[in-house]
Amino acid sequence: MSTPTAAANAYAALARLTNPAGAAKSAGEAGEESFGSLLKNALGAVVEAGHTSDRQTKAAVSGNANIVDVVSAVAETETAVQALVSVRDKVIQAYEEIMRMPI
Amino acid sequence: MPISDIPIFSMLRTKMQWHQERQRVLAENVSNADTPNFRARDLEPLKFDGRTAPPPAPLALTQTNPAHIAGSGLSAAQFPRERKSVFEIRPSGNAVNLEDEMLKVAANQMDYQTATTLYGKGLGLIKTALGR
Amino acid sequence: MDFFKSIAIAASGLRAQAGRMRVISENVANADSTAQRPGGDPYRRKIPTFRAEIDRALDARVVALGPVRADPTEFRTRYEPGHPAADANGYVRYPNVNSLVELTDMREAQRSYEANLNVIGATRRMIQRTIDILRA
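So, how was this worked out
- Residues numbered from 1 in each chain as written.
- Chains lettered and ligands numbered in written order.
- Predicted model: local features only at pLDDT ≥ 70, side-chain atom pairs only at ≥ 80, totals over all residues.
- Helix = DSSP H or I, 4+ residues; strand = E, 2+ residues; numbered from the N terminus.
- Buried ≥ 20, exposed ≤ 12 C-beta atoms within 10 Å, placed from the backbone.
- Contact = placed C-beta atoms within 7 Å.
- Rg over C-alpha atoms; globule rule 2.2 N^0.38 Å.
- Core = buried A, V, L, I, M, F, W, Y, C linked by C-beta atoms within 7 Å.
- pLDDT = per-residue confidence, 0-100.
- Nonpolar A, V, L, I, M, F, W, Y, C, P; charged D, E, K, R; others polar.
- Axes fitted to C-alpha atoms, helices over the stretch in contact; angles between N-to-C directions.
- Parallel < 35°, antiparallel > 145°, perpendicular 65-115°, else oblique.
- Pairing = 2+ DSSP bridges.
- Left-handed = near helix turned anticlockwise from the far one by under 90°.

## What to know about the overall build of chain B
Item 1. Helix and strand counts for chain B come out as two helices and two strands.
Item 2. Listing each helix as α and each strand as β along chain B from the N terminus yields α-β-β-α.
Item 3. The buried share of chain B, reckoned over its 132 residues, is 33%.
Item 4. Residue pairs at least 24 apart in sequence account for 69% of intrachain contacts in chain B once pairs closer than 6 positions are excluded.

## Side note on the overall build of chain C
Item 1. Of the regular secondary structure elements, chain C holds two helices and six strands.
Item 2. Ordered by position in the sequence, the α and β elements of chain C form the string α-β-β-β-β-β-β-α.
Item 3. A compact globule built from 136 residues would reach a C-alpha radius of gyration of about 14 Å, whereas chain C, at 22 Å, exceeds it by more than 25%.
Item 4. Taking the principal axes of the C-alpha coordinates as reference, chain C spans close to 80 × 25 × 20 Å.
Item 5. Counting over 136 residues, chain C shows a buried share of 26%.
Item 6. In chain C, of all internal contacts separated by at least 6 residues, the share reaching a separation of at least 24 is 61%.

## What about the nonpolar core?
Item 1. Of all hydrophobic cores here, the largest spans 42 residues; its most connected members are L26, A27, V30 and Y119 of chain B together with V119 of chain C.
Item 2. Secondary structure elements with two or more residues in this core: helix 3 (35-62) and helix 4 (67-100) of chain A, helix 1 (7-31) and helix 2 (98-129) of chain B together with helix 1 (2-29), strand 3 (60-65) and helix 2 (99-135) of chain C.
Item 3. With near-sequence residues (within four places) excluded, V119 of chain C lies in contact with L26, A27, V30 and V105 of chain B together with S6 and A10 of chain C.

## A short note on the confidence of the model for chain C
Item 1. On average, residues of chain C score 90 in pLDDT, and 100% of them are at 70 or above.
Item 2. ipTM for the predicted complex: 0.86, alongside a pTM of 0.75.

## Thoughts on the interface of chain C and chain B
Item 1. Of the residues lining the interface, 29 residues belong to chain C; the matching set on chain B comes to 25 residues.
Item 2. Listing elements by their share of the side of chain C that touches chain B, those giving two or more residues are helix 1, strand 2 (50-55), strand 3 and helix 2 of chain C.
Item 3. It is helix 2 of chain C that provides the largest number of residues to the side of chain C that touches chain B, a total of 13 residues.
Item 4. A class-by-class count of the residues in the side of chain C that touches chain B yields 14 nonpolar, eight polar and seven charged.

## Concerning the packing of helix 1 of chain B against helix 1 of chain C
Item 1. Contact pair helix 1 of chain B / helix 1 of chain C: the axes reach a minimum separation of 8 Å and the direction vectors enclose 5°. Considered as vectors, helix 1 of chain B and helix 1 of chain C are oriented roughly parallel to each other. Residues Q20, E21, Q23, R24, A27, E28, V30 and S31 of chain B of helix 1 of chain B pack against D2, F3, K5, S6, I9, A10, S12 and G13 of chain C of helix 1 of chain C.

## Points about the environment of A122 of chain C
Item 1. The residue A122 of chain C is located in helix 2 in this model.
Item 2. Spatially, the C-alpha atoms of A122 of chain C and I7 of chain C are 9.5 Å apart, while their sequence positions differ by 115 residues.
Item 3. When residues no more than four places from it in sequence are discounted, the contact partners of A122 of chain C are V105, A106 and Q109 of chain B.

## Focus: the pairing of strand 2 of chain C
Item 1. Alignment of strand 2 of chain C against strand 3 of chain C, held across six bridges, turns out to be antiparallel. Directly across from F50 of chain C, in strand 3 of chain C, lies its bridge partner L65 of chain C.

## Looking at the confidence of the model for chain B
Detailed reading of the predicted coordinates is not advisable wherever pLDDT falls low.
Item 1. Looking at chain B as a whole, its pLDDT mean stands at 75, while 66% of the residues score no less than 70.
Item 2. Low confidence marks residues 52-60 of chain B, where pLDDT is under 50. Its contacts with residues over four positions away, or in another chain, come to 15 contacts.

## What to know about unusual backbone geometry
Item 1. Here N37 of chain B, not a glycine, exhibits a phi torsion of approximately 60°, which is positive.
Item 2. With respect to the element layout, N37 of chain B can be found in the loop between helix 1 and strand 1 (41-43).
Item 3. One non-glycine residue, D59 of chain C, adopts positive backbone phi at about 55°.
Item 4. The topology assignment puts D59 of chain C in the loop between strand 2 and strand 3.
Item 5. On the basis of neighbour counts, which here come to 13 C-beta atoms within 10 Å, the residue D59 of chain C falls in the partly exposed class.

## A word on the environment of R15 of chain C
Item 1. Note on placement: R15 of chain C falls in helix 1.
Item 2. For the pair R15 of chain C and T49 of chain C, spaced 34 residues apart in sequence, the C-alpha to C-alpha distance is 13 Å.

## Here's the deal with the packing of helix 1 of chain C against helix 2 of chain C
Residue and element names in this part refer to chain C.
Item 1. Relative orientation of the contacting elements helix 1 and helix 2 amounts to 160°, with a least axis distance of 9 Å. Comparing the axis directions of helix 1 and helix 2 gives the class roughly antiparallel. Helix 1 and helix 2 meet at a crossing whose hand is left-handed.

And the structure:
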């Protein structure tokens, strides 16, 4: 995806995929939802996943954790963080490209 | 977008928990194979028809008074205590037949490894799509 | 936690079967232990019993070796007038241990022991595969 809008659209499409109940609602307000709010939501979700992963790791260290919970929390957090980092890189790249444009 | 809400991952996670619980029940059966009056038990098979939401989360302990000690030193409001089995256990016939139990243990292990591999590959697909 | 519970449950099975083997080997070793004096009793065969108990810490039903009972069957007798333990009629009472029965019990114990080992091995492999999700 070379343009930020295409990236944002793909991201929103993936979010709709995971939330079929809210699909009708979000289709209506896709035009009004700003890219910033998308990023904020994504950041909140990743932070939440990070908290879960921390809790599970603490439980694993103290020896009374469900190994499936621990491993799934850590693996999903890793994937979420990688997704966020990829989006961040693309956004920064797009920003730099725009700033390079001669006025 | 929480990855944990993608249906396929929550289904696989539920399946992995189910196999974990079943391993415990089968271990009980095998170790009590010679105990008199012991009835073998097994878990109800998992069904995902129409219900892709994970089973309800276990109840978290709430602190009615801030002076109460939290369960395990962590914030009791967020961290659920030891998970009670949310899968139904039912008796499976009479006395323990060791060969049947060993068969079930082997099948359980292989199914669990299948679920684990699918889970790992699913996450790997997402990572590949991200370009990493 | 649940996987380690399974291992603990199977370990209790191992301990119980090992205890059973000990009783069986005691029986086999003492198969010919008569009394020393004419009036005494020879070795009486011991029978191990199992009972299922709830382990509070694990919240699971583990197995434990129950009280070892004495086999109430009659002693064997043999006609041996010269034996130190022979009674007035020259009969010596021998322990009520039947080697074939003990051998079969031993095979059963071994089979159960190996079944418990299999459970531990399978559980260990499952734990390993779980952790491997994080590796790649």
